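Topology and contacts: notes
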Amino acid sequence: MIARFLTSVSLMGAVAVMPLSQAEADTGDFVAGAIVGIAGAAIVNDINRNNQRTRTTTVRRAAPSGIPRTERGAQTQTALNYFGYNAGPVDGQIGSGTRAAIERYQIAMGYPVNGRSFPDYQFENLMAAYYWAEGGGQSQTGLYGQQLLMAYKNQQQQQQPVVVVAPQPQPVVVPQPQTVPVVVAPQVVQPQVVQPQPAPETIIVAAPAEAPNALPNFLGTGEAVSLAGHCNTISLQTNTNGGFTNASSVTDPDFALSEQFCLARTYAVETGQDLAGAVTGVSASQIEANCGAFGSLLSSQIASLVTKDRDAVVADVANFVVQSGQQPASLAGTAKICLGVGYRTDDMTVALGSALILTAVGEGAYGELMGHHLSQGFGVGKSAERAKPWYDMGITAAEAGDAVFAPGQPERTEVIRAAMNGGSAPTTLPVLVPVADEGGTALPTFSVNQ
């Protein structure tokens, strides 16, 4: 008690010799209490210490997470948790817990283990397994968690078909059976069910290239096949094979070309998203909506891919660029953004129109894409003969140092060449006429921050 009294007296003495302004600024409540007496000063001092502790605690709780939420992150966490790889709460934030779960998934699937690198084919395989399980795989096998994922993996290795992307149903009209009562006196005859002949299946036929204002058929064959779904299947098979086909092991040319097509598609999507991220004043939905012009305004040039030779198509598109009234450099940047949009949204007309613009402004490496579309029949009619000159354009540009798809893999050109049974001599690209000062076609342009 005496020690506390002496401490209080000492504190009062310290306050007494401080300048008034500092004492009021730092310990106003304490000085007010000193008027009442030494005991009151000790009580106020205790209150001030408690207040200081409270303020310190409040500051420590204010740290933000700093991890952005993404839809892909939430999907990854949902699927990992479903299969027993605990990724924590589904908040879309890829933290240490989610990365550890990704690594456990990679170990189980035989992938390279790196929780900070989750390539598209690994993510797509995870989501394909999740959709398969939710769509009936779990009820069919009776398995759960990691055993269910292994059942999906084994099913893929055995080449059993698995529906990943819901197909678009063909518009088929099937009349309902009609019940016709037949009565014969004096016997009562049970109603007979008359089964009518089913209506023929409606098949969508591509419009002729000569038709005015005709839009090209998305797939040329009338079959509702998704390029995204096709690439998902290809990536699963590539993983089963232990990696991409190389030039010395091309035994299935179509599969080898599909691998390179899907690889180019992935790079185009990533490049487009990077460029779109630097666009100012336009939202992502507005970019996507405006990119539709690359498909609608270039529909005739897209349709002519199966009717005209390569140089004639490029000349037509180059003339279109001149008439658009836009500078080639600005138009090329916008076309790269829209190329990614087309592939990401599975809109083949937008992707093809964007790729044609890029070849017409002198970026010949994008000619590879027209070769893939014609070789595989996505967005246009299938024609290996028409595909070869476009492949030649892409290979020539890539070998000249203008590779834009997987630039770290120079052997891609040899794989494409081997799959196409060799390439022809390099072809000179057309020279563009200077852009007209006025006139115009309503193609979008996006300003990109450098």
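Quick notes on the rules
Residues numbered from 1 in each chain as written. Predicted model: local features only at pLDDT ≥ 70, side-chain atom pairs only at ≥ 80, totals over all residues. Heavy atoms only, no water. Helix = DSSP H or I, 4+ residues; strand = E, 2+ residues; numbered from the N terminus. Buried < 20%, exposed > 50% of the residue type's maximum accessible area, 1.4 Å probe, protein only. Areas by Shrake-Rupley, 256 points an atom, 1.4 Å probe, with all protein chains shown as cover. Axes fitted to C-alpha atoms, helices over the stretch in contact; angles between N-to-C directions. Parallel < 35°, antiparallel > 145°, perpendicular 65-115°, else oblique. Left-handed = near helix turned anticlockwise from the far one by under 90°. Contact = heavy atoms within 4.5 Å. Nonpolar A, V, L, I, M, F, W, Y, C, P; charged D, E, K, R; others polar. Core = buried A, V, L, I, M, F, W, Y, C linked by side-chain atoms within 4.5 Å. Expected span 1.5 Å × (residues − 1). Disulfide = S-S within 2.5 Å. Salt bridge = Lys/Arg side-chain N within 4 Å of Asp/Glu carboxyl O. Phe/Tyr/Trp six-rings, centres within 6.5 Å; stacked < 30°, edge-to-face > 60°. pLDDT = per-residue confidence, 0-100.

1. Overview of the overall build of the protein chain
Scanning the protein chain for helices and strands turns up 18 helices and 2 strands. Looking at the protein chain as a whole, 38% of its 450 residues qualify as buried. Carbon and sulfur atoms make up 56% of the accessible area of the protein chain, which amounts to about 24500 Å² in all.

2. Some points on the packing of helix α16 (residues 367–376) against helix α17 (residues 384–402)
The contact between α16 and α17 brings their axes to 7 Å, and the two run at 160°. Looking at the two axes, α16 sits roughly antiparallel to α17. The hand of the α16/α17 crossing is left-handed. Residue-level contacts link G367, E368, M370, G371, H372, L374 and S375 of α16 to A384, R386, A387, W390, Y391, M393 and G394 of α17. A per-class count over the contact of α16 with α17 returns 7 nonpolar, 5 polar and 2 charged.

3. So, the side chain of T359
Following the sequence through the fold, T359 ends up in helix α15 (residues 348–360). Filtering out sequence-adjacent residues up to four positions away, T359 remains in contact with V314, Y366, G367, M370, W390 and M393.

4. Here's the deal with the nonpolar core
Membership of the largest hydrophobic core comes to 60 residues, with the highest contact counts inside it found for L305, L339, Y343, I357 and W390. The dominant element in this core, judged by the number of residues it contributes, is α15, at 9 residues. When near neighbours in sequence (up to four residues on either side) are disregarded, W390 contacts L305, R310, V313, V314, L356, T359, G367, E368, M370, G371 and L374. Formed by 24 residues, the second largest nonpolar core is a distinct cluster that contains L80, A87, F123 and L149.

5. Regarding helix α7 (residues 145–157)
For α7, built from 13 residues, the straight-helix expectation of 18 Å at 1.5 Å per residue is met to within 8% by its first-to-last C-alpha distance of 19 Å. The set of residues buried in α7 consists of G145, L148, L149, A151, Y152, K153, Q155 and Q156. Here the buried face of α7 lies against α4 (71–82), α5 (96–109), α6 (120–141) and α8 (227–241).

6. Describing the environment of S300
The residue S300 is located in helix α12 (residues 299–303) in this model. Judged by its relative accessible area of 46%, S300 is partly exposed. Here the alpha-carbon distance between S300 and V313, two residues 13 residues apart in the chain, equals 9.9 Å.

7. Some remarks on the state of the cysteines
Scanning the entire structure with this criterion turns up 2 disulfides. For C231, the disulfide goes to C262, at an S-S distance of 2.2 Å. Residues C231 and C262 are joined by a disulfide whose S-S torsion is about -90°; by sign, that bridge is left-handed. With a gap of 31 residues between them, C231 in helix α8 and C262 in helix α9 (residues 253–276) connect regions that are remote in the sequence. C231 sits in the buried class, given a relative accessible area of 6%. Bridging C291 to C338, the disulfide has an S-S length of 2.0 Å. Every disulfide takes its handedness from the sign of the S-S torsion; for C291 and C338 that torsion is -75°, giving left-handed. One end of the pair, C291, is in the loop between α10 (284–290) and α11 (293–296); the other, C338, is in helix α14 (residues 328–344), and 47 residues separate them in sequence.

8. Re the pattern of salt bridges
In total, this model carries 9 salt bridges according to the counting rule given. The salt bridge involving R310 is made with D311; its shortest N-O contact spans 3.0 Å. With a relative accessible area of 6%, R310 lands in the buried category. By relative accessible area, D311 is classed as partly exposed at 40%.

9. Focus: unusual backbone geometry
In this model, D346 sits at a positive phi of 65°, which is unusual for a non-glycine residue. By the secondary structure assignment, D346 is in the loop between α14 and α15.

10. Here's the deal with the packing of aromatic side chains
In total, this model carries 12 aromatic pairs according to the counting rule given. Ring centres of Y366 and F405 lie 5.5 Å apart, and the angle between their planes is 85°; this geometry places the pair in the edge-to-face category. Here the residue Y366 occupies a position in the loop between α15 and α16, and F405 occupies one in the loop between α17 and α18 (412–419), the gap between them amounting to 39 residues. Pair check on accessibility: Y366 and F405 agree, each one buried. One aromatic cluster is present, formed by Y85, Y105, Y111, F118, Y121 and F123 through successive ring pairs.

11. Points about the confidence of the model for the protein chain
Close reading of the predicted structure is inappropriate where its pLDDT is low. Mean pLDDT over the protein chain: 74, with 65% of residues reaching 70 or higher. Within the model, the stretch residues 54–59 combines pLDDT values under 50 with 0 contacts to residues more than four positions away or in other chains. Below a pLDDT of 50 lies the segment residues 160–169, which in the model reaches 10 contacts outside its immediate sequence neighbourhood of four places, other chains included.

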